[in-house]
Amino acid sequence: MSSPEERRDARYDVPLTVPEPGAEPARRNGHRRVTAPAARPAASADEPDTSTDEPAGGAAVPGAEAARPTDDPGVPAARPPARKAVAKKAVAKKAVAKKAVDRKAVADGTDAGTAGPGTGAARPATPSGPAVADRPGDHWDRRVAQGLAFLRRRLSGDYEVDEFGFDPDLTDAVFHPLVRLLYRDWFRTEVGGVEHVPADGAGLVVGNHSGTVALDALVLSAALHDRHPQRRYLRLLGADLVFRMPVVSELARKTGGTVACNPDAERLLGNGELVGVFPEGFKGVGKLYADRYKLQRFGRGGFVSAALRTGTPIVPVAIVGGEEIYPMLADIKPLARLLKLPYFPVTPTFPWLGPLGMVPLPSKWLIEFCPPIPTAHLRDSADDPLVVFNLADQVRETIQQTLHKLLERRPDPFGP
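To keep things clear, this report deals only with the structure shown in the data block. On a predicted model such as this, the values are computed, not experimentally measured, just so you know.

As for the sheet that holds strand β8 (residues 258-259)
Read from one edge of the open sheet, 7 strands run β5-β13-β10-β6-β9-β7-β8, paired in mixed fashion. The open sheet is flanked by β5 (190-192) and β8, the only strands paired with a single partner. With 3 bridges connecting them, strand β7 (residues 234-238) and strand β9 (residues 274-277) associate as parallel partners. Its bridge partner lying in β9, R235 is registered against V275.

Here's the deal with the packing of helix α2 (residues 138-156) against helix α3 (residues 168-186)
The N-to-C vectors of α2 and α3 enclose an angle of 150°; their axes lie 11 Å apart at closest approach. The pairing of α2 with α3 is recorded here as roughly antiparallel in orientation. Two packed elements cross with a definite hand, and for α2 against α3 that hand is left-handed. Contact residues: F150, R153 and R154 in α2; D169, L170, A173 and V174 in α3. Across the contact of α2 with α3, the residue classes break down as 4 nonpolar, no polar and 3 charged.

Regarding unusual backbone geometry
Each neighbour pair has its own omega, and for F350 with P351 the value is 5°, a cis peptide bond. The topology assignment puts P351 in the loop between β12 (345-346) and β13 (366-369). With a phi angle near 70°, T212 is a residue other than glycine that sits in the positive phi range. Along the chain, the position of T212 falls in the loop between β6 (203-207) and α4 (215-227). Of the residues examined, T212 reaches a relative accessible area of 8% and is grouped as buried. One non-glycine residue, Y293, lies in the positive phi region at around 60°. Position of Y293 among the secondary structure elements: in the loop between α7 (282-285) and α8 (302-310). Under the relative-accessibility criterion, Y293 is labelled buried at 6%.

Quick notes on the environment of S363
Topologically, S363 is positioned in the loop between β12 and β13. Relative accessible area serves as the criterion here: at 0%, S363 is assigned to the buried category. Not counting the four nearest positions on each side in its chain, S363 is found in contact with W186, F187, R188, G321, E324, I325, P413 and F414. Here W365 takes part through its side chain, which lies 3.1 Å from a polar atom of the side chain of S363.

Overview of the side chain of R232
Examined against the element boundaries, R232 turns out to sit in the loop between α4 and β7. Lacking a salt bridge, the buried R232 has E273 as its closest oppositely charged neighbour, with an N-O distance of 5.4 Å. Within polar-contact distance, the side chain of R232 engages the backbone oxygen of G272 at 3.0 Å. Not counting residues within four places of it along the chain, the set of residues in contact with R232 comprises P198, A199, D200, G201, L224, H225, G272, E273 and L274.

Things to note about the packing of aromatic side chains
Inspection of every chain in the model, using the stated rule, returns 4 aromatic pairs. Plain terms: the ring middles of F166 and Y233 are 5.2 Å apart, the flat faces sit at 70° to each other, and that makes the pair edge-to-face. Remark: Y233 occurs in the loop between α4 and β7 and F166 occurs in the loop between α2 and α3; sequence separation between them is 67 residues. When its relative accessible area of 23% is taken as the criterion, Y233 is described as partly exposed. For the pair F187 and W365, a centre-to-centre distance of 4.7 Å together with 15° between the ring planes defines the contact as stacked. Taken together, the residues F187 in the loop between α3 and β5 and W365 in the loop between β12 and β13 connect sequence positions 178 residues apart. Lying across the ring of Y159, R154 places its NZ or CZ 3.6 Å from the centre. Note that R292 overlies the ring of Y289, its terminal NZ or CZ placed 4.1 Å from the centroid.

Rules behind the numbers
Residues numbered from 1 in each chain as written. Predicted model: local features only at pLDDT ≥ 70, side-chain atom pairs only at ≥ 80, totals over all residues. Heavy atoms only, no water. Pairing = 2+ DSSP bridges. Helix = DSSP H or I, 4+ residues; strand = E, 2+ residues; numbered from the N terminus. Axes fitted to C-alpha atoms, helices over the stretch in contact; angles between N-to-C directions. Parallel < 35°, antiparallel > 145°, perpendicular 65-115°, else oblique. Left-handed = near helix turned anticlockwise from the far one by under 90°. Contact = heavy atoms within 4.5 Å. Nonpolar A, V, L, I, M, F, W, Y, C, P; charged D, E, K, R; others polar. Buried < 20%, exposed > 50% of the residue type's maximum accessible area, 1.4 Å probe, protein only. Polar contact = N/O pair within 3.5 Å; in protein donor to acceptor, adjacent residues only side chain to side chain. Lys, Arg positive; Asp, Glu negative; His and termini not counted. Salt bridge = Lys/Arg side-chain N within 4 Å of Asp/Glu carboxyl O. Phe/Tyr/Trp six-rings, centres within 6.5 Å; stacked < 30°, edge-to-face > 60°. Lys NZ or Arg CZ within 6 Å of the ring centre and 35° of its normal.

Take a look at the structure:
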């Protein structure tokens, strides 16, 4: 028969030991008895210390340093941290880091860009890793944060307005997002030739006018700002009637518009701004549907004189799609004179449907910027009527030919 010290438990295959009299009873660890380790004898000066920091079995616990036994024989050795605890701490650290990145994105107003607004886009890459996909609520969280930041700026007066009344903060936060929904989702606008628009410095953008209601000017300014690499603003020149209307006048000023006169145009060009003009005026907006995409007379060429005096290149632009949003079938001239309007339109939906007749039809739009026409070499000929007329005619023919090409690309006005 074996002694009690050599007996083993058949169930756990662990040697059973009998504690000596006066020793502290062993503690339990699950179903296994764990005895306090004996004190390690101090190493002498001639004997090297061969102890290791690895736990029993020679395998080290990842992410944690193995516990050393204490010198007190009555105190049990500290157990190394478990693998699950280490993994939980790592997950917790990652979660805290991700929340910090989310808070910074909301504070900075980071959005999925310029790609256009929408949900499900990827956030910019962080120094610690690649881009992270937005969660379902992240897009709206950023929108709310941006809206609150905009209100704070407006209430505190932390925004700038130039001498013409242009408010870039209001334009970016309110005006462009509304027009963006119109030109991108409703009109499905395609824009080409943006590389012909100057990246910096002055430029005069000249386009055709149409549509009964001048939505083409709003669409052109918003689309150019969104598609241009430098996100440039287009300072539109409008007719006197626009700035005599109470609400429309204030809105036009806030979004960068000014009266279509040579002094204002030359001041803007002299400041290096990008100026937009529609020389047809109300003759182009108020023409009948039967005369669609036929350019009207360009007036006296005042825009050419402004470009010549400042040496600014002229960028012709052709816009297809505006003629079909409110097809004008007739013009009631007596009623227009009574209301002091340039025309009173009759369309398939107005005035028959009342306010619903103001909803534009969803035509397909194409916008094409043409190569710029230089004028710096003609600055001394700004007062020569022949030079002004020839240059205006060149711009008009360029726009007309581009319109024909765009119409061939778009056979169906309401197609995809």
